[in-house]
Amino acid sequence: MAGKLLNNINSPNDLRKLSPEELKHLAGELRKFIIDIVATKEGHLGASLGVVELTIALHYAFNTPEDLLVWDVGHQAYGHKILTGRREIFETNRRLNGISGFPKREESIYDTFGTGHSSTSISAALGMAIASNLKGETEKQHIAVIGDASIASGMAFEGLNHAGVSKANLLVVLNDNAIGIDPSVGALKQYLTKAKVGYKPAQNNMIEALNFKYFGPVDGHDLDSLLKTFSELKEIPGPKFLHVITKKGKGLKKAEEDQVKYHAPGKFQPDTGELLPYDTEGLPLKYQDVFGLTLVELAKGNEKIIGITPAMPTGSSLKYMMEAFPEKAFDVGIAEQHAVTLAAGMATQGFAVFCAIYSTFLQRAYDQLIHDVAIQNLPVVFCLDRAGLVGEDGATHHGIFDIAYLRCIPNMLIAAPSNEVQLRNLLYTAQLDLKHPLAIRYPRGRGVKAEWDLPFEEMKIGKGLCLDSGSKIAILSIGPMAANVSEAIEGLDPSEKEKVGHYDMIFVKPLDEKLLQEVFRRYKTVITVEDGAVRGGFGSAVLEFASEMDFKGKIRCLGVPDNFIEQGNVSELQEISGISVQNILALLKTLV
Ligand SMILES: Cc1ncc(C[n+]2csc(CCOP(=O)(O)OP(=O)(O)O)c2C)c(N)n1
Ligand SMILES: CC(=O)[C@@H](O)[C@H](O)COP(=O)(O)O
Ligand SMILES: [Mg+2]
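Just so it is clear, the structure is predicted and the values come from calculations on it, not from any experiment.

So, how was this worked out
- Within every chain, residues take consecutive numbers counted from 1 along the sequence as written.
- Chains and ligands are labelled by the order in which they are written, letters from A for the one and numbers from 1 for the other.
- Per-residue local features of the predicted model are confined to residues with pLDDT of at least 70, and side-chain atom pairs are confined, for both listing and counting, to 80 or more; whole-chain, interface and lining totals are unaffected and use all residues.
- Computation of side-chain values: all heavy atoms of the structure, hydrogens and water removed.
- Buriedness of a pocket was judged along seven lines, with at least five required to meet protein on both sides within 12 Å; pockets are open sets of points on a 1 Å grid over the protein atoms alone, cavities are sets where a 1.4 Å probe fits but cannot get out, and lining residues have an atom within 4 Å of a point.
- Grid points are joined across faces, edges and corners, and a volume is the space filled by probe spheres set on the points.
- The numbering of helices and of strands both runs from the N terminus, where a helix is a DSSP run of H or I of at least 4 residues and a strand a run of E of at least 2.
- Think of it as three bins: nonpolar holds Ala, Val, Leu, Ile, Met, Phe, Trp, Tyr, Cys and Pro, charged holds Asp, Glu, Lys and Arg, and polar takes everything else, Gly as well.
- Definition of nonpolar core: a set of buried residues of the types Ala, Val, Leu, Ile, Met, Phe, Trp, Tyr and Cys, connected through side-chain atoms within 4.5 Å.
- The cut-offs for exposure are 20% and 50% of the maximum accessible area for each residue type, with area from a 1.4 Å probe on protein chains only; residues under the lower value are buried, those over the upper are exposed, and the others partly exposed.
- Note that water is not among the atoms used; donors are N, O and S atoms within 2.8 Å of the metal (3.2 Å for Na, K and Ca), so sites may look incomplete.
- UniProt positions are given in the numbering used here, feature names are shortened, and annotations may be inferred rather than shown by experiment.
- For this purpose, a residue is taken to be near a molecule or strand whenever a single non-hydrogen atom of the residue falls within 4 Å of it.
- Distance and chemistry together define a polar contact, namely a pair of N or O atoms within 3.5 Å, with one atom able to donate a hydrogen and the other to accept it when in protein, and with adjacent residues in sequence counting only for side-chain atoms on both sides.
- Per-residue accessibility takes into account occlusion by the displayed protein chains alone, with areas from the Shrake-Rupley method and a 1.4 Å probe.
- Here the aromatic set is Phe, Tyr and Trp, taking the six-membered ring for Trp, and pairing holds for ring centres within 6.5 Å; pairs whose planes are under 30 degrees apart are stacked, those over 60 apart are edge-to-face, and all others are tilted.
- Only heavy atoms enter the contact rule, under which two residues are in contact if any of them lie within 4.5 Å.
- Strands pair, by our definition, only if DSSP identifies at least two bridges between them.
- Geometry is summarised by axes, namely lines fitted to C-alpha atoms with helices restricted to the contacting stretch, and by angles between N-to-C directions that run from 0 to 180 degrees.
- When a carboxyl oxygen of Asp or Glu lies within 4 Å of a side-chain nitrogen of Lys or Arg, that pair is called a salt bridge.

## Things to note about empty space enclosed by the protein
Per the counting criterion, the structure on display carries two cavities of 30 Å³ or more. As a volume, the largest cavity reaches approximately 40 Å³. For the lining of the largest cavity, the element with the most residues is helix 8 (residues 187-196), which contributes three residues. Considered class by class, the residues forming the lining of the largest cavity number eight nonpolar, no polar and no charged. Every residue along the wall of the second largest cavity is listed here: H59, T64, P65, D67, L69, H80, I109, Y110 and T112. Its residues assigned to classes, the lining of the second largest cavity comprises four nonpolar, four polar and one charged.

In structure tokens:
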């Protein structure tokens, strides 16, 4: 499927044998190859299309893998993967047992640093550059490629601040396409926009103020000028910064026109970019939309409601609130730490703040959760989207640690709805008169109910539900695992079924101790099922309480095991983790 030139590129050495004219043809072939594969296998499209020329120029001009190239986030590194020996296996991208959708050290020597979360590249490349100095490798080049949304994050600035007073041989390449997943936000974006249109960077350059030598802006689709610039930059020691202007989705008209949609568009026609029709008729709504639409509904009746998202308005569906109440909904950019403390600040002033963050990205703001929210017992509501196994994004993105990392924080309440109606009612309850911080975790993808927008009902904090009572085994599920458990029970024979009770606990903290005491009295065997890390998670909470109660029966905890789970679809990953319907059914069969 690859074009004639690309077919012969098995490493950057092959690339370096081509003439500048051939490199331009290669760019066309590489772009087509990415489009053809992503069109059928899905994945992140726009970012990789935007850096085709930049990728070729970097590998051509620098001596990779001796020179160390670090990609920020890594969703734009498809071209890099294809040019560094993974062309033949690129169709396994993001699949079970295939290659990762992000750079990964164990996958290739060209992947110098594992990524997935943003804004780490400057610190990582600086670390490598300082290490090279210590080892006396003075010729080595270190390059961080970072996007305009990712560089606005605090961590990137921590890296720049340090690099500016170092002797590190570091080149920061800013890939500025003026968009993240959604349009970039903030004062830095305004500054970069001015720099592009001839603002006098020499007099007023914030990058130079940080002791970097500033170059650019250059057209990131002009291979000749990229090659010339890189060959000059190689000769300049110390921290350098190159501002490159690119277009996200470059080369596929539809992707250029709708950059948000084509960040990761799903399946499409490779020649036209037309999205393949996907019939959603009769399917339940996505959890994210239940969150986004419910928040708007609640905000209509409660003027104290505020919404915050760090850079994921579309992914979290906070966009609905941003459209309906622009003055009360904030996209703060890739700034999870700021988002949490901003929410805390607003909460001190009596607002009902809903901070929508993907579970995996909240990891960034752990101290803020403890220091700024929980110690002050501020009633911020954390809407943790993408909790559980997320699928094809893999180990960097699974939202599996939240229960364990939140459960140990005093004052923190943790809920996990098992369906959309519960999610709505939890959101409703959260804005009534919340006394503590509350995390509501829900999964990626669609819910389970045909009807989701039923009238609101207040939920009792810390109250679980008995879905089925039995005589021998109690299964305690949390969140969306209720559906797997119910289906597994359905797979039992009627005589087996009556032995199994099922409890949808809804709250991890506080646990429904009254319900648990009843369970411990009634059953000899208890199974807990969760879609998060089994160590320290919901099952551990039940074990702790069982020990306090001196429960004499057996407890089995099912959840994501103590190793990192790679990419695959969610069903495959649930099976590997031992929490699929089949896994639960098989266990029940052995126990009844
Ligand atoms: C810490 C963190 N927060 C949020 C995300 C989700 N995310 C992935 S890519 C992206 C936008 C990145 O934009 P930019 O750096 O401009 O790169 P581009 O996509 O334009 O190439 C975001 C918000 C993430 N990966 N990591
Ligand atoms: C690279 C990255 O972090 C995001 O693009 C992420 O893949 C989005 O995930 P969702 O598809 O679940 O919104
Ligand atoms: Mg960008």
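## Regarding the nonpolar core
Counting residues in hydrophobic clusters, the biggest one holds 52 residues, and the most contacted among them are I308, F382, L406, L476, F520 and F538. Top contributing element to this core by residue count: helix 15 (residues 336-348), with six residues.

## Re the environment of E137
Along the chain, the position of E137 falls in the loop between helix 6 (121-135) and strand 2 (142-147). For the pair E137 and R86, spaced 51 residues apart in sequence, the C-alpha separation works out to 28 Å.

## Here we look at the coordination of the magnesium ion (ligand 3)
Coordination sphere of the magnesium ion (ligand 3), protein contribution only: D148 (OD), N177 (OD1) and I179 (O), at 2.0 to 2.2 Å. If you list the donors of the magnesium ion (ligand 3) from N- to C-terminus, the spacing comes out as D-x28-N-x1-I. Of the two residues, D148 sits in the loop between strand 2 and helix 7 (154-163) while I179 sits in the loop between strand 3 (170-176) and helix 8, which places them 31 residues apart along the sequence. Considered together, D148 and I179 belong to a single accessibility category, that of buried residues.

## What about the UniProt feature "domain: Transketolase-like pyrimidine-binding" (unreviewed entry) in the protein?
With numbering matched to this structure, UniProt assigns "domain: Transketolase-like pyrimidine-binding" (unreviewed entry) to residues 285-450. In the segment residues 285-450, helix accounts for 43% and strand for 16%; the C-alpha atoms at its two ends are 8 Å apart.

## So, the site of ligand 2
Inspection of the region around ligand 2 gives H44, V73, F102, G116, I181, H263, Y358, F361, R386, D393, H397 and R444 as its neighbouring residues. At 2.7 Å, a side-chain N or O of R444 approaches an oxygen atom of ligand 2. Within the complex, 86% of the 360 Å² of free accessible area of ligand 2 lies under protein. Here the shell around ligand 2 is composed, by residue class, of five nonpolar, four polar and three charged.

## Let's talk about the packing of aromatic side chains
Counted by the stated rule, this structure contains 15 aromatic pairs. Ring geometry for Y503 versus Y523: centroids 6.0 Å apart, planes at 85 degrees, classification edge-to-face. Pair noted here: Y503 is in strand 14 (residues 500-504) and Y523 is in the loop between helix 22 (513-522) and strand 16 (525-533), with a separation of 20 residues, a long-range link. Each member of the pair, Y503 together with Y523, is buried.

## Comments concerning unusual backbone geometry
Here T64 and P65 are connected by a cis peptide whose omega angle stands at 5 degrees. Relative to the assigned elements, P65 resides in the loop between helix 4 (52-61) and strand 1 (68-71). Residues G216 and P217 are joined by a peptide bond in cis, for which omega reads 0 degrees. Although it is not a glycine, N97 adopts a positive phi angle of roughly 65 degrees. The phi dihedral of N377 is positive, around 50 degrees, even though this residue is not glycine. By secondary structure assignment, the location of N377 is in the loop between helix 17 (366-374) and strand 9 (381-385).

## A word on the UniProt feature "binding site: Mg(2+)" (unreviewed entry) in the protein
UniProt records the feature "binding site: Mg(2+)" (unreviewed entry) at D148 and N177, using the numbering of this structure. With the annotated positions falling across 30 residues, the maximum pairwise C-alpha distance of 6.8 Å places them together in a single cluster. Excluding anything up to four places from it in sequence, D148 contacts L174, N175, D176, N177, A178, I179, S184 and L192. The buried category is assigned to N177, whose relative accessible area is 13%. Among residues more than four places away in sequence, those in contact with N177 are D148, T246, K247 and K248.

## A closer look at the side chain of N425
Within the secondary structure, N425 sits in helix 19 (residues 420-433). Judged by its relative accessible area of 7%, N425 is buried. Beyond its immediate stretch of four places on either side in the chain, N425 contacts P455, F456, E457 and M459.

## Here we look at the site of ligand 1
If you check the shell around ligand 1, you find 22 residues, and the closest are H75, S150, I179, K248 and E336. Between ligand 1 and A149, the relevant distance is 2.9 Å, taken from an oxygen atom to a main-chain nitrogen or oxygen of the residue. Between ligand 1 and S150 there is a distance of 2.6 Å, counted from an oxygen atom to a side-chain nitrogen or oxygen. Burial of ligand 1 by the surrounding chains reaches 97%, relative to a free accessible area of 580 Å². Its residues assigned to classes, the shell around ligand 1 shows nine nonpolar, nine polar and four charged.

## Focus on the sheet that holds strand 17 (residues 554-560)
If you walk across this open sheet you meet the five strands as 12-14-13-16-17, and the pairing is mixed. Of all strands in the sheet, those with a lone pairing partner are strand 12 (465-468) and strand 17, marking the two edges. Geometrically, the sheet is characterised by an average inter-axis angle of 25 degrees between neighbouring strands, direction not taken into account.

## With respect to the layout of surface pockets
Its volume calculated, the second largest pocket comes out at about 400 Å³. Taken together, 21 residues make up the lining of the second largest pocket; nearest its centre are S418, N419, Q422, L465 and D504. At the level of secondary structure, the elements contributing two or more residues to the lining of the second largest pocket comprise helix 19, strand 12 and helix 20 (481-490). Here the lining of the second largest pocket gets three residues from one element, more than from any other, and that element is helix 19. Across the lining of the second largest pocket, the residue classes tally to 10 nonpolar, five polar and six charged.

## Thoughts on the pattern of salt bridges
Considering all chains together, one arrives at 31 salt bridges under this definition. The partner of E107 in a salt bridge is R86, and the shortest N-O contact between them spans 2.8 Å. Within this pair, whereas E107 is found in the loop between helix 5 (78-86) and helix 6, its partner R86 is found in helix 5, the two being separated by 21 residues in sequence. Note on R86: relative accessible area 3%, which makes it buried. In this structure, D402 engages R441 in a salt bridge whose closest nitrogen and oxygen atoms are separated by 2.9 Å. Here D402, found in helix 18 (residues 402-407), pairs with R441, found in strand 11 (residues 438-441); they are 39 residues apart in sequence, far enough to count as distant. Both residues of the pair, D402 and R441, count as buried. Salt bridges here are not isolated pairs; linked through shared partners, they connect E66, K135, E137 and K140.

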